[in-house]
Each structure stands twice: as C-alpha cells, then as structure tokens.
Amino acid sequence: MPPHTDCTSNEAEHVSFLNEQGDANNVGSSPNNVQIQMTHDDVRQPKGWCHWIKKELNEKVYRECRVWMLIPVICAVIVAVILISMAVCAALHEDEDEKFDRSLFTVPRHFNGSFQISSQPVSNETQVLVDLQDKLSDLYKSSPALGRYFSQAHTFPFRNESAVVLYQLTFVLPEEQQEELRNFTLSLEVVRNVLRQFLYDQDPGDSGSAFIDPASLKMS
C-alpha cells in the first residue's frame, strides 16, 4: 500500500506541472497571437478614401453596368443641356438695336467728296461709275454702325476728262436723335474713316480700273 500511494502522488504532481507549464506557454504566446490576428484583420480592411471610392465606383447599378460607367454619360448630358439652353436663349433673344422704324428716318444728311481712280485706261466710263457707285453703296449698307441710316450713293462723270471722280453720300436720320447722330455716329470723321479703311484694304489686282487711290480721298 505505501508504494502505490507514492506512485499516485508522483503522477498527480507531474500532471500539475504540465498544466502549469502549458498555462505559462499560453500566457507568453497570447500577445503575439493577438497581434498577428489584428495584423491580418488590418490587412483585410480597406484603408483610406481611395479604397472606399474605388469600391463605390465599382458597385453594379444594373446588370453589368457600374457606377463609373455612368459618369461620362451624366457629364455629356449636362454639357448637351447647357449648349441647348444657350442656343434657345440666343434664338429667342431680341437685339433692341435691331428694332427700329425706318419711316421715322426723315432728316437727310449729305457728304460730298472726290477721289482718284487708277491711271489705267478706261474703256467704258459709264460702267466704271456704276461700279464705283455700287461699291460705295455696298460698303455703307454693310456697316454695322451706319447701315441703317444709309440711303444712297451717287457718282458723277470724270471732271475735266481726268481720273478724279465726284461722289455724294446720303444718309437719313430720325428727327429725335439727329443732333446726337450728327455729332457721333454720323459725324464727318466716322463716315470718312469707314471709306478710308475700305480703300486701304482693297486689292489692286481685283479692282482693275476701279481701284481708288486712298491718298486722294476727300470728303466734306
């Protein structure tokens, strides 16, 4: 009986020792296990706004259509709406300066002057005068500032069989604004400068015998 008791006691002590050793090992390794687990969790979790945005953009909206595919379409629709709105506004907009009653333009204003045409021989004097008259009329009719007031242009036969041509320009003004127009829009300086600029821009090759010498221009 005594030997049996000693054996049992030794086995119990050995089991107790192993349990204590295991607990010690578990306690020592627990922080490392927790740290490793946390590290893996951190790796699996998205970091920052870039990951979140990427995930949101890749969300499916309808079947294989994703959010990022809709962005160019939405931008194109916005641009189209803006362009259409601008076109509609431009079509409906009425320029107040283009609205005027021609019947109210009753006060005439005349400008007389002369210029010298090219020294090339003139075979048909009448046709040259008509061409010059049309050239003056087209110039002032197409002028944004003077077109509405322009009435007519006349050219007269060559003086003393020379190449000097006399001309007359006629404008009509509304009676209520005639003083202001005489001093600014239809002043001598403005009307003369429009013609002078046109003469400097003309192409001698295209004008032929109807080429006007800019330096010879006179107006009063």
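As the structure is a prediction and not an experimental result, all values here were calculated from the model.

## Focus on the overall build of the protein chain
Here is step 1: Secondary structure assignment for the protein chain yields 7 helices and 6 strands.
Here is step 2: Listing the helices and strands of the protein chain from first to last along the sequence gives α-α-β-β-α-β-α-β-β-α-α-α-β.
Here is step 3: For the protein chain, the residues scored as buried account for 23% of the 220 residues in total.
Here is step 4: Approximately 16,100 Å² of the protein chain is accessible, and the part contributed by carbon and sulfur atoms is 57%.

## What to know about the pairing of strand 3 (residues 105-116)
Here is step 1: Relative to strand 5 (residues 164-174), strand 3 runs antiparallel, the two sharing 11 bridges. For Pro108, the partnering residue across the bridge sits in strand 5 and is Val172.
Here is step 2: Examined bridge by bridge, strand 3 and strand 6 (residues 218-219) share 2 bridges and lie antiparallel to one another. Opposite Ser114, over in strand 6, you have Lys218 as the bridge partner.

## Re the environment of Gln133
Here is step 1: Along the chain, Gln133 falls in helix 4 (residues 125-141).
Here is step 2: Sequence separation between Gln133 and Gln152 is 19 residues, and the spatial gap between their C-alpha atoms is 8.9 Å.
Here is step 3: Excluding its chain neighbours within four sequence positions, the residues that come into contact with Gln133 are Ala153, His154 and Thr155.

## Focus on a nonpolar patch on the surface
Here is step 1: A grouping of Leu70, Ile74, Ile78, Val79, Ile82, Leu83 and Met86 is seen on the molecular surface, where their side chains present a nonpolar patch of about 650 Å² in accessible area.
Here is step 2: Turning to its location among the elements, Met86 is positioned in helix 3 (residues 67-92).
Here is step 3: Take Met86: its relative accessible area is 55%, and that puts it in the exposed class.

## Some remarks on helix 6 (residues 188-201)
Here is step 1: Look at helix 6: 20 Å from first C-alpha to last across 14 residues, which is about the 20 Å you get at 1.5 Å a residue.
Here is step 2: Listing the buried residues of helix 6 in full gives Val191, Leu195 and Leu199. Looking down the long axis of helix 6, one finds its buried residues gathered within 70° of arc, a one-sided arrangement. Facing away from the buried side of helix 6, by more than 90 degrees, are the exposed residues Tyr200 and Asp201.
Here is step 3: In this structure, the buried side of helix 6 is in contact with strand 3, helix 4, strand 5 and strand 6.

## Observations concerning the sheet that holds strand 6
Here is step 1: Taking strand neighbours across the sheet as the criterion, the 4 strands line up as 4-5-3-6 in an open arrangement whose pairing is antiparallel. Edge positions in the sheet fall to strand 4 (150-156) and strand 6, since each has one partner strand and no second.
Here is step 2: Sheet strands in contact with helix 4 are strand 3, strand 4, strand 5 and strand 6, and its direction is about 155° off that of strand 4.

## Considerations on the packing of aromatic side chains
Here is step 1: Applying the stated criterion across every chain yields a total of 6 aromatic pairs.
Here is step 2: Relative to Phe171, the ring of Phe111 lies with its centre 5.7 Å away and its plane at 85°, an arrangement referred to as edge-to-face. Taken together, the residues span a long stretch of sequence, with Phe111 in strand 3 and Phe171 in strand 5 at a distance of 60 residues.
Here is step 3: When its relative accessible area of 2% is taken as the criterion, Phe111 is described as buried.
Here is step 4: Considering the side-chain rings of Tyr140 and Phe171, the 5.6 Å spacing of their centres and the 90° angle between planes classify their relative orientation as edge-to-face. Here Tyr140, found in helix 4, pairs with Phe171, found in strand 5; they are 31 residues apart in sequence, far enough to count as distant.
Here is step 5: For Phe171, a relative accessible area of 0% gives the class buried.
Here is step 6: Aromatic ring contacts, followed pair by pair, group Phe111, Tyr140, Phe150 and Phe171 into a single cluster.

## Some words on the layout of surface pockets
Here is step 1: One number sums up the size of the largest pocket: a volume of about 320 Å³.
Here is step 2: Taken together, 15 residues make up the lining of the largest pocket; nearest its centre are Phe105, Arg148, Tyr149, Pro174 and Gln177.
Here is step 3: Looking at the lining of the largest pocket residue by residue, the classes come out as 8 nonpolar, 2 polar and 5 charged.

## Observations regarding helix 4
Here is step 1: With 17 residues, helix 4 should cover 24 Å at 1.5 Å per step; its first-to-last C-alpha distance of 24 Å lies within 8% of that length.
Here is step 2: Residues of helix 4 that are buried: Val128, Leu129, Leu132, Lys135, Leu136, Ser137, Leu139 and Tyr140.

## Quick look at the confidence of the model for the protein chain
Here is step 1: Taken as a whole, the protein chain shows an average pLDDT of 76; of its residues, 68% reach a score of 70 or greater.
Here is step 2: Confidence drops under pLDDT 50 across residues 1-12; counting only partners more than four residues distant or on other chains, this segment forms 0 contacts.

So, how was this worked out
Residues numbered from 1 in each chain as written. Predicted model: local features only at pLDDT ≥ 70, side-chain atom pairs only at ≥ 80, totals over all residues. Heavy atoms only, no water. Helix = DSSP H or I, 4+ residues; strand = E, 2+ residues; numbered from the N terminus. Buried < 20%, exposed > 50% of the residue type's maximum accessible area, 1.4 Å probe, protein only. Areas by Shrake-Rupley, 256 points an atom, 1.4 Å probe, with all protein chains shown as cover. Pairing = 2+ DSSP bridges. Contact = heavy atoms within 4.5 Å. Patch = residues over 30% accessible without salt bridge, like charges linked within 9 Å, V, L, I, M, F, W, Y side chains within 5 Å. Salt bridge = Lys/Arg side-chain N within 4 Å of Asp/Glu carboxyl O. Expected span 1.5 Å × (residues − 1). Arc of directions from axis to C-beta. Axes fitted to C-alpha atoms, helices over the stretch in contact; angles between N-to-C directions. Phe/Tyr/Trp six-rings, centres within 6.5 Å; stacked < 30°, edge-to-face > 60°. 1 Å grid on protein atoms, 1.4 Å probe; cavity = no way out; pocket = protein on both sides within 12 Å on 5 of 7 lines; lining within 4 Å. Points joined across faces, edges and corners; volume = space filled by probe spheres on them. Nonpolar A, V, L, I, M, F, W, Y, C, P; charged D, E, K, R; others polar. pLDDT = per-residue confidence, 0-100.

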